[in-house]
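Secondary and tertiary structure notes
Below, each chain spelled out in residue letters.
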Amino acid sequence: MIAERKPSVAAHTPALAGDADGPEKPRSPGRVRHGEGPRRVGGSRVGSMVYGPETRPQPGPDLACDNSDTLQAYAAGAASYDERTDRFMVYRRRIVDALDVRRGDVVVDVGCGTGLCMPLLQERIGAEGYIIAVDESVAMLNIARARAEQFGWSNVTFIMAPAAEVVLPVDADAALFCAVHDILRCPDSVRNILSQLRPGAHIASGGGKWAAPWLILLNAYVAALHRPCVRSFEGFDRPWSVLTPYLQDLRITEMAFGTGYVAAARVPD
């Protein structure tokens, strides 16, 4: 069970991008419990961007805001990311469908990228629900924010911060880890996100993995497919293993001849 206390929102008073009057200090909304309506950070609105500690962008191109080779690759390919990954949308839906949420729930989309899972989440939680979209790449978040504006979703807050450092404005009902291998392999990231979920919160994760070791050619294809998107293939045989000690009722389903998986579980009560 996660022992850490919920970080204080007041301890990190993030600024909303574009606010000329200085940082807007959100009031701590307290714990969000299952079945309650969403709690908004004071004044948050779709299109706003909340910046985590030490990640507020400086003037310059998006690449300057991303601090690793992988993040630079995401920033450089952000504009074409949706087209390049469109054929995997059926798997994204399977991962989102594995998340046990209902209308009105608050969901953290960890490593949300360009927001491809947001339409699927909106179908599940409705307008009365809320999405907290977290990513390190401002280039990806800019596209996700434009998507929210295009569809008129006023129930999304975007936070640019590493998963290991992000401070969520509420204790969420669920967390989605879709195609975020590096985050799932980082114990600090996993602990930080799970420590900010309510007891009994639901988790779904999914993405690529190695097929059986004797399927050499298939695994060569998997390596070529995922190499631009991951920093390391460590743990690629069981990407969910860092999550396992913290969760209950873990269920794993493999797909695509073992080259993908969906994991669903919940945080202990």
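Values in this document were obtained by computation on a predicted structure and should not be read as measured data.

Examining the pattern of salt bridges
Pairs may arise between side chains of opposite charge once their charged atoms sit close together. Scanning the entire structure with this criterion turns up 9 salt bridges. A salt bridge links E254 to K209; the nearest nitrogen and oxygen atoms lie 3.1 Å apart. With E254 in strand β7 (residues 248-255) and K209 in the loop between β6 (197-208) and α8 (216-226), this pair connects stretches of sequence that are 45 residues apart. Classification of K209 by relative accessible area gives buried; the value is 4%. D269 is paired through a salt bridge with R266; the nearest N and O atoms lie 3.3 Å apart. A residue is classified by how much of its surface remains accessible, and D269, at 63% relative accessible area, is exposed. If you follow the salt bridges from partner to partner, you end up with D249, R266 and D269 in one network.

So, helix α5 (residues 138-151)
Compared with the 20 Å implied by 1.5 Å per residue over 14 residues, the 20 Å span of α5 between its first and last C-alpha is a close match. Of all the residues in α5, the buried ones are V138, A139, M140, L141, A144, R145, R147 and A148. Backbone geometry just downstream of α5 places G152 in the positive-phi region, at approximately 70 degrees.

Examining the packing of helix α3 (residues 89-97) against helix α4 (residues 118-125)
Remark: α3 packs on α4, axes separated minimally by 10 Å, with the N-to-C direction vectors making an angle of 35 degrees. Between α3 and α4 the crossing geometry is right-handed. On α4, the residues touching M89, R92, R93, V96 and D97 of α3 are L120, L121, E123 and R124. Here the contact of α3 with α4 is composed, by residue class, of 4 nonpolar, no polar and 5 charged.

About the criteria used
- Residues numbered from 1 in each chain as written.
- Predicted model: local features only at pLDDT ≥ 70, side-chain atom pairs only at ≥ 80, totals over all residues.
- Heavy atoms only, no water.
- Salt bridge = Lys/Arg side-chain N within 4 Å of Asp/Glu carboxyl O.
- Helix = DSSP H or I, 4+ residues; strand = E, 2+ residues; numbered from the N terminus.
- Buried < 20%, exposed > 50% of the residue type's maximum accessible area, 1.4 Å probe, protein only.
- Expected span 1.5 Å × (residues − 1).
- Axes fitted to C-alpha atoms, helices over the stretch in contact; angles between N-to-C directions.
- Left-handed = near helix turned anticlockwise from the far one by under 90°.
- Contact = heavy atoms within 4.5 Å.
- Nonpolar A, V, L, I, M, F, W, Y, C, P; charged D, E, K, R; others polar.

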